[in-house]
Amino acid sequence: MSQPHDFPSLTIVDHPLVRHKLTLLRDRATPTKLFKELVDEIAMLMAYEATRDLILEPVGVETPLEHATGWAVRGKKLTLVPILRAGLGMVEGILRLMPSARVGHIGLYRDHDTLEPVDYYFKVPGDASERDFLLLDPMLATGGSAAAAVSSLKRAGATRIRFLCLVAAPEGVARLTREHPDVPVLAASLDRELNEHGYILPGLGDAGDRLFGTR
Ligand code: PRP
Ligand code: URA
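Residues numbered from 1 in each chain as written. Chains lettered and ligands numbered in written order. Predicted model: local features only at pLDDT ≥ 70, side-chain atom pairs only at ≥ 80, totals over all residues. Heavy atoms only, no water.

**Things to note about the site of ligand 1**
Okay, so step 1: Lining the immediate environment of ligand 1, one finds 13 residues, of which Arg85, Arg110, Asp137, Thr142 and Ser145 sit closest.
Okay, so step 2: Here an oxygen atom of ligand 1 and a side-chain polar atom of Thr142 are 2.5 Å apart.
Okay, so step 3: The side chain of Ser145 places a nitrogen or oxygen atom 2.6 Å from an oxygen atom of ligand 1.
Okay, so step 4: Coverage of ligand 1 by the protein amounts to 90% of the 500 Å² it exposes when considered alone.
Okay, so step 5: Contributions of two or more residues to the shell around ligand 1 are made by β6 (105-110), β9 (139-140) and α4 (144-155).
Okay, so step 6: Grouping the amino acids of the shell around ligand 1 by side-chain chemistry returns six nonpolar, four polar and three charged. (Near = heavy atom within 4 Å. Polar contact = N/O pair within 3.5 Å; in protein donor to acceptor, adjacent residues only side chain to side chain. Areas by Shrake-Rupley, 256 points an atom, 1.4 Å probe, with all protein chains shown as cover. Helix = DSSP H or I, 4+ residues; strand = E, 2+ residues; numbered from the N terminus. Nonpolar A, V, L, I, M, F, W, Y, C, P; charged D, E, K, R; others polar.)

Take a look at the structure:
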């Protein structure tokens with residue numbers, strides 16, 4: 001993992017497997033089926049790092065030979081919150097690591113002209129103030145969607161939120177960390193910049209369209 005100097009709350013998960021799979025994901029020739037599998041696998045690898053500081057408590061366990069002390073993650077189940085649509089692609093891989101995690105959903109899309117987020121759905125567990133949230137979206141471009149999603153979670157009572165994305169633009173990291181300096185951001189890559197249409201360069205194109213085969 002590495003921490004770019006410009007963004008103290010950003011961590012880049014630069015494990016060799018993540019970098020390898022992200023390169024395949026960027027390839028315009030990668031078909032939908034493989035794209036989906038890669039998003040799933042990268043999300044799982046990143047979740048391993050994103051949950052590194054979960055708090056544990058000691059628990060007793062009976063082995064076949066004797067009583068021992070083991071460890072369990074403390075508190076309520078972690079909650080995954082994909083931003084629809086593309087965040088959905090990250091859920092299953094993470095659930096394979098944490099099968100009892102809860103899953104909320106936030107529906108947002110970016111208006112084509114203003115690039116500002118338009119929200120259409122919100123559902124998370126009721127006891128938000130007692131939970132750790134992993135907010136999921138493969139793309140952090142202008143940062144408008146992620147910042148709006150974090151604001152919605154906070155309005156619902158959430159205080160412990162981490163944002164997990166695959167590709168981030170400097171503009172998006174700057175906006176998200178300016179509006180929500182308390183939210184750690186994990187990305188597989190910090191890319192160069194946005195183009196005039198708000199797409200990340202070099203990026204991977206439209207994540208939702210590539211995941212679901214729409215265009
Ligand atoms: C994409 C992406 C993010 C958002 C990022 O979603 O999945 O949610 O854009 O852009 P931003 O940082 O500039 O807000 P999109 O709006 O295309 O919706 P979709 O997933 O439903 O296609
Ligand atoms: N949304 C995407 O899916 N890709 C981008 O490059 C920017 C926003």
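**Notes on the packing of aromatic side chains**
Okay, so step 1: Counted according to the given criterion, the structure contains one aromatic pair.
Okay, so step 2: Seen from the ring of Tyr199, Arg110 lies directly overhead, with NZ or CZ sitting 5.6 Å from the centre. (Phe/Tyr/Trp six-rings, centres within 6.5 Å; stacked < 30°, edge-to-face > 60°. Lys NZ or Arg CZ within 6 Å of the ring centre and 35° of its normal.)

**Re the site of ligand 2**
Okay, so step 1: Every residue close to ligand 2 is listed here: Arg110, Met139, Ala141, Gly198, Tyr199, Ile200, Gly205, Asp206 and Ala207.
Okay, so step 2: At 2.8 Å from an oxygen atom of ligand 2 is found a main-chain nitrogen or oxygen belonging to Ile200.
Okay, so step 3: One nitrogen or oxygen atom from the main chain of Gly205 is found 2.8 Å from a nitrogen atom belonging to ligand 2.
Okay, so step 4: In the complex, 88% of the free accessible area of ligand 2, which totals 240 Å², lies under the protein chains.

**Looking at the nonpolar core**
Okay, so step 1: Core analysis: the largest hydrophobic core is formed by 37 residues, its most contacted members being Leu25, Met46, Leu80, Ile94, Leu136, Leu164 and Leu166.
Okay, so step 2: Of all the secondary structure elements, the ones that give two or more residues to this core are α1 (16-26), α2 (32-50), α3 (91-97), β8 (132-136), β10 (160-168), β11 (185-190) and α6 (207-212).
Okay, so step 3: Here the element with the most residues in this core is α2; it accounts for eight residues.
Okay, so step 4: Residues within four places of Leu25 in sequence aside, it is in contact with Phe35, Leu38, Val39, Ile42, Leu166, Leu204 and Arg210. (Core = buried A, V, L, I, M, F, W, Y, C linked by side-chain atoms within 4.5 Å. Buried < 20%, exposed > 50% of the residue type's maximum accessible area, 1.4 Å probe, protein only. Contact = heavy atoms within 4.5 Å.)

**Structural notes on the pattern of salt bridges**
Okay, so step 1: Using the criterion set out here, one finds 14 salt bridges in the structure.
Okay, so step 2: The partner of Asp191 in a salt bridge is Arg26, and the shortest N-O contact between them spans 2.8 Å. In this pair, Asp191 sits in the loop between β11 and β12 (193-194) while Arg26 sits in helix α1, placing the two residues 165 residues apart along the sequence.
Okay, so step 3: When its relative accessible area of 7% is taken as the criterion, Asp191 is described as buried.
Okay, so step 4: Arg26 gets classed as partly exposed once you look at its relative accessible area, which sits at 23%.
Okay, so step 5: Among the charged side chains, a network of salt bridges with common partners joins Asp53, Asp132, Arg160 and Arg162. (Salt bridge = Lys/Arg side-chain N within 4 Å of Asp/Glu carboxyl O.)

**Overview of the pairing of β10**
Okay, so step 1: The buried fraction of β10 amounts to eight of the nine residues, a majority that puts the element mostly inside the structure.
Okay, so step 2: The pairing of β8 with β10 spans five bridges and is parallel. Counted as the bridge partner of Asp132 is Arg160 from β10.
Okay, so step 3: One ladder, built from two bridges, connects β9 with β10; its direction is parallel. Opposite Met139, over in β10, you have Val167 as the bridge partner.
Okay, so step 4: Viewed along the sheet, the connection from β9 through α4 into β10 turns out right-handed.
Okay, so step 5: The β-α-β motif built from β10, the intervening helix α5 (residues 170-179) and the parallel element β11 has right-handed crossover chirality. (Pairing = 2+ DSSP bridges. Right-handed = clockwise from strand over helix to strand, strands pointing away.)

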